[in-house]
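Per-entry structural report
What follows is the residue order along each chain.
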Amino acid sequence: MRASAASGELPRMLAVLVVAEWSYSSWGERVLPRAKPSLPFWCREWIDLHSGTAFAGVVEYLRSLLDKEGPSLSPSARSSCCEAFLEAVHLEKAFFDMALGVALAK
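Concerning the packing of aromatic side chains
Scanning the model with the defined rule gives five aromatic pairs in all. Pairing Tyr-24 with Phe-95 gives two aromatic rings, centres 6.4 Å apart and planes at 55°, and the pair type is tilted. Taken as a pair, Tyr-24 in helix 2 (residues 10–31) and Phe-95 in helix 5 (residues 75–105) lie far apart in primary sequence, 71 residues in all. The exposure class assigned to Tyr-24 is buried, which follows from its relative accessible area of 14%.

A look at the packing of helix 2 against helix 4 (residues 52–69)
Contact pair helix 2 / helix 4: the axes reach a minimum separation of 9 Å and the direction vectors enclose 150°. For the element pair helix 2 / helix 4, the angle class is roughly antiparallel. For the crossing formed where helix 2 meets helix 4, the hand is left-handed. Contact with helix 2, carried on its side by Leu-10, Pro-11, Leu-14, Ala-15, Leu-17, Val-18, Glu-21, Trp-22, Tyr-24, Ser-25 and Glu-29, involves Gly-52, Phe-55, Ala-56, Val-59, Leu-62, Arg-63, Leu-65, Leu-66 and Glu-69 of helix 4 and no other residues of that element. Along the lines of polarity and charge, the residues of the contact of helix 2 with helix 4 split into 14 nonpolar, two polar and four charged.

Comments concerning a nonpolar patch on the surface
Taken together, the side chains of Phe-95, Met-98 and Val-102 present a nonpolar region at the surface, about 260 Å² in accessible area. Mapped onto the elements, Met-98 comes out in helix 5.

Brief notes about the nonpolar core
Formed by Leu-14, Ala-15, Val-16, Val-18, Val-19, Leu-62, Leu-66, Leu-73, Cys-81, Ala-84 and Ala-88, the largest nonpolar core amounts to 11 residues. Within the residue set of this core, elements represented by two or more residues are helix 2, helix 4 and helix 5. Look past the residues within four positions of Ala-88 in its chain and what remains in contact with it is Met-1, Val-16 and Val-19. Within the second largest apolar cluster, six residues are counted, among which are Tyr-24, Ala-35, Cys-43 and Ile-47.

Looking at the confidence of the model for the protein
Taken as a whole, the protein shows an average pLDDT of 92; of its residues, 97% reach a score of 70 or greater. Within the protein, no element has a lower average pLDDT than helix 1 (residues 2–7), which sits at 87, and none a higher one than helix 4, at 97.

A short note on the pattern of salt bridges
Inspection of the entire model under this criterion finds three salt bridges. Asp-48 serves as the salt-bridge partner of Arg-44, at 3.1 Å between the closest nitrogen and oxygen. Of this pair, Arg-44 and Asp-48 are both found in helix 3 (residues 41–49), four residues apart, which corresponds to roughly one turn of the helix. Judged by relative accessible area, Arg-44 falls into the partly exposed class, the value being 28%. Residue Asp-48 is classed as partly exposed on the basis of its relative accessible area, which comes to 33%. Two residues, Asp-97 and Lys-93, come together in a salt bridge whose shortest N-O distance is 2.6 Å. With a gap of four residues between them, Asp-97 and Lys-93 both fall in helix 5, about one helical turn apart. Look at Lys-93 and you get exposed, because its relative accessible area is 51%.

Conventions we followed
Residues numbered from 1 in each chain as written. Predicted model: local features only at pLDDT ≥ 70, side-chain atom pairs only at ≥ 80, totals over all residues. Heavy atoms only, no water. Phe/Tyr/Trp six-rings, centres within 6.5 Å; stacked < 30°, edge-to-face > 60°. Helix = DSSP H or I, 4+ residues; strand = E, 2+ residues; numbered from the N terminus. Buried < 20%, exposed > 50% of the residue type's maximum accessible area, 1.4 Å probe, protein only. Axes fitted to C-alpha atoms, helices over the stretch in contact; angles between N-to-C directions. Parallel < 35°, antiparallel > 145°, perpendicular 65-115°, else oblique. Left-handed = near helix turned anticlockwise from the far one by under 90°. Contact = heavy atoms within 4.5 Å. Nonpolar A, V, L, I, M, F, W, Y, C, P; charged D, E, K, R; others polar. Patch = residues over 30% accessible without salt bridge, like charges linked within 9 Å, V, L, I, M, F, W, Y side chains within 5 Å. Areas by Shrake-Rupley, 256 points an atom, 1.4 Å probe, with all protein chains shown as cover. Salt bridge = Lys/Arg side-chain N within 4 Å of Asp/Glu carboxyl O. Core = buried A, V, L, I, M, F, W, Y, C linked by side-chain atoms within 4.5 Å. pLDDT = per-residue confidence, 0-100.

What follows is the structure in structure tokens.
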């Protein structure tokens, strides 16, 4: 993910942002209905930040930017963008798997 940020290539950076923000949006919407008022402030703020129509709009905007970039990419740039997207999916999945494993171990 850092390599995509350091690349200076908008499509690669968007690919990583779309994966991260879309996964957090999906998570936020899933946990919001079950979020208890007794949660620590920082936890509730994290849920609120990543749920709702405003954040969904941000994710949709990022997706639309990535969709606009796609048709103009060269084959090698498209491949680089796809690799960044898939790596971000792998890393986000690993993060959520780890977090769930820690939560279940308690």
